[in-house]
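Architecture at a glance
Listed here are the chains, written in short residue letters.
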Amino acid sequence: MTQLALTPGQACLTDWRAVLDGRSVGLSETGAIARAQEIVDGIVAAGTVTYGVNTGFGKLASVRIADADLATLQRNLILSHAVGTGPALPDGVVALILAMKAASLARGASGVRPAVVEALLGALRAGALPVVPAKGSVGASGDLAPLAHLTAALMGVGEIRIGGETLPAAEGLARIGQAPLTLGAKEGLALINGTQVSTALALAGLVAVTRVFDAALIAGALSVDALKGSDTPFDPRIQQLRGQKGQIRIAGLLLELIAGSEIRESHRFGDSKVQDPYSLRCQPQVMGAVADLIGQAAGTLAIEANAVTDNPLVLGPGEVVSGGNFHAEPVAFAADMLAMAICEIGNLAERRIALLVDPVMSGLPPFLARDAGLNSGFMIAQVTAAALASENKQRAYPASVDTIPTSANQEDHVSMATHGAYRLLDMARNAAGIVAVELMAAAEAIEHHRPLKSSPRLEPVLKLIRAKIAPLTEDRYLAPDLAAATALVLSGALGEAAGIDGFAELGA
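Residues numbered from 1 in each chain as written. Predicted model: local features only at pLDDT ≥ 70, side-chain atom pairs only at ≥ 80, totals over all residues. Heavy atoms only, no water.

1. Details of the sheet that holds strand S6 (residues 159-162)
Strand pairing in a sheet takes place through backbone hydrogen bonds and is either antiparallel or parallel in direction. Strand order in the open sheet formed by three strands is S4-S6-S7, and the pairing between neighbours is antiparallel. Looking at the sheet topology across the chains shown, the edges are occupied by strand S4 (128-130) and strand S7 (165-168). Averaged over all neighbouring strand pairs, the angle between strand axes comes to 35 degrees, with direction disregarded. Where S4 and S6 come together, three bridges link them in antiparallel fashion. Bridge pairing links Pro 130 to Ile 160 in S6. In this fold helix H7 (residues 169-176) packs onto S4, S6 and S7, with an angle of close to 105 degrees to the strand it touches most, S7. (Pairing = 2+ DSSP bridges. Helix = DSSP H or I, 4+ residues; strand = E, 2+ residues; numbered from the N terminus. Axes fitted to C-alpha atoms, helices over the stretch in contact; angles between N-to-C directions. Contact = heavy atoms within 4.5 Å.)

Following this line, the structure appears as structure tokens:
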């Protein structure tokens, strides 16, 4: 696999997805790093009092630090701030943090040495990933605690994971032949100020959400076919009269997915039903709005992933300026939007499952069971979907409306972006479980219409499902089937089979 060359400030969403999926990374431009470092060196030589260079931090910003203690100041900053707790962040997320931090510092507004950026990239290329506790950041002043753990590991303090093995950080660095990082003036602050943790978590959530969205769109089309629903509500003229872009696109995709289905043609004329339930008929309106919401969040995250978010910033000779780019409010809003999107994907899918297992609504055997009564079929699978949907609703409360003062009221408003983003992967897994139940149930319902075939776009999906999950001819232990279907949803394989890539629709 060739190395991905990131251009600082210009990386695209597909670049970040590649990093998350394990792609090796380099930087195409690094010249700006040394220029900013020279400005910081000049400040130290002149003895000019400058926040973050030769002062304390936060509420202690007024304390002047002697030149002889500047390296100790930066080391102490990292050690004192490495107070995270909870489970370790996933390896892919940590890789993304390393890449984003390196790209941000390489824009030349942070005042670090090239060696700092190379330490980040060296660890990433070697697969030596710092163990970073997930909890402890309030999303301002940057993701301090988790980024302190990341930095400490590069200094030889804490732990590093290599190939799934967790090692003392010093041993991990020795294994890859990388010397522990010794920090210079301002470098510790530049490394722990920033929104890279919350942004990486939100981006990982975005990737997962788009895969679940694609699978839910496919499952929705399958359910329409399995329930002998109508594709008339997807008529483009209806969507154009409203004008919502996501609705127009999703209706078109649903028509394409169902087109050519023998099942659909078997009841196109003479169907006694006047209207389908909303969970079938209103998919363009609901999933279109969800798609638009995901797109808005993606736009915010695409900008933030390229941003310089530490403090203070080196703007030019003699200009080291304090601002507030470390405040992760944009990421908090994006994470809340994605949480709402995940909820609605699951809510709609769960309602379609309810239709599939209801003999009055579906015209199919109760709970899709052969010999119902002796067999319960998908009765409790629908309950599992309902439980997951309700759990996601509880977790979707907006993180961005919360705040709590920290650092003796110096940092008196915070974003809560980090835990707002942290929940997304688990919520996406919940939604994937709901969609997995729908895929299993819809595939089972299709069996009752054989030998008629579904559409050319949906039959490969059914083949993929059946390669993992056999038809339910009698009750069996369904948990492994649900796990297999959930894995299919999260892998993106269903989208590939049906020719859909919602992530690509978000733009480069």
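2. Describing the pattern of salt bridges
Counted by the stated rule, this structure contains 24 salt bridges. Across the salt bridge formed by Arg 113 and Glu 187, the nearest N and O atoms sit 2.7 Å from each other. You can see Arg 113 sitting in the loop between helix H4 (91-105) and helix H5 (114-126) and its partner Glu 187 sitting in helix H8 (residues 187-192), a full 74 residues away along the chain. Classification of Arg 113 as partly exposed rests on a relative accessible area of 26%. Across the pair Glu 350 and Arg 351 runs a salt bridge whose closest N-O atoms are separated by 2.8 Å. (Salt bridge = Lys/Arg side-chain N within 4 Å of Asp/Glu carboxyl O. Buried < 20%, exposed > 50% of the residue type's maximum accessible area, 1.4 Å probe, protein only.)

3. A look at the environment of Pro 451
With respect to the secondary-structure elements, Pro 451 resides in the loop between helix H18 (417-447) and helix H19 (459-468). Given a relative accessible area of 74%, Pro 451 falls into the exposed group. In the structure, Pro 451 is positioned 188 residues away from Ile 263 in sequence and 9.4 Å away in space, judged by C-alpha atoms.

4. A short note on the pairing of S6
The pairing of S6 with S7 spans four bridges and is antiparallel. Looking at the pairing, Glu 159 lines up with Pro 168 of S7. Hairpin connection, S6 to S7: the antiparallel pair is bridged by two residues, and Gly 163 has positive phi, about 55 degrees.

5. Details of helix H1 (residues 13-20)
Burial analysis of H1 places six of its eight residues in the buried class, which makes it a mostly covered element. Within H1, the full set of buried residues consists of Leu 13, Asp 15, Trp 16, Ala 18, Val 19 and Leu 20. Where H1 is buried, its residues touch strand S1 (4-6), strand S2 (25-27), H4, helix H9 (196-226), helix H14 (283-305) and helix H22 (502-505). Positive backbone phi, at 105 degrees, marks Gly 22, one or two positions downstream of H1.

6. Points about the packing of aromatic side chains
Tallied over the full model, the rule gives one aromatic pair. A ring pair is formed by Tyr 51 and Phe 57, whose centres lie 6.4 Å apart and whose planes are at 80 degrees; its orientation type is edge-to-face. Exposure remark for Tyr 51: the relative accessible area of 23% places this residue in the partly exposed category. Its relative accessible area of 16% is what places Phe 57 among the buried residues. (Phe/Tyr/Trp six-rings, centres within 6.5 Å; stacked < 30°, edge-to-face > 60°.)

7. What to know about the side chain of Ser 261
Structurally, the position occupied by Ser 261 is in the loop between helix H11 (245-258) and helix H12 (262-266). A distance of 2.6 Å separates a polar atom in the side chain of Ser 261 from a polar atom in the side chain of Asp 225. What Ser 261 contacts, discounting residues up to four positions off in sequence, is Asp 225, Lys 453, Ser 454 and Ser 455. (Polar contact = N/O pair within 3.5 Å; in protein donor to acceptor, adjacent residues only side chain to side chain.)

Purely geometric stuff here, so don't read any function into it on its own.
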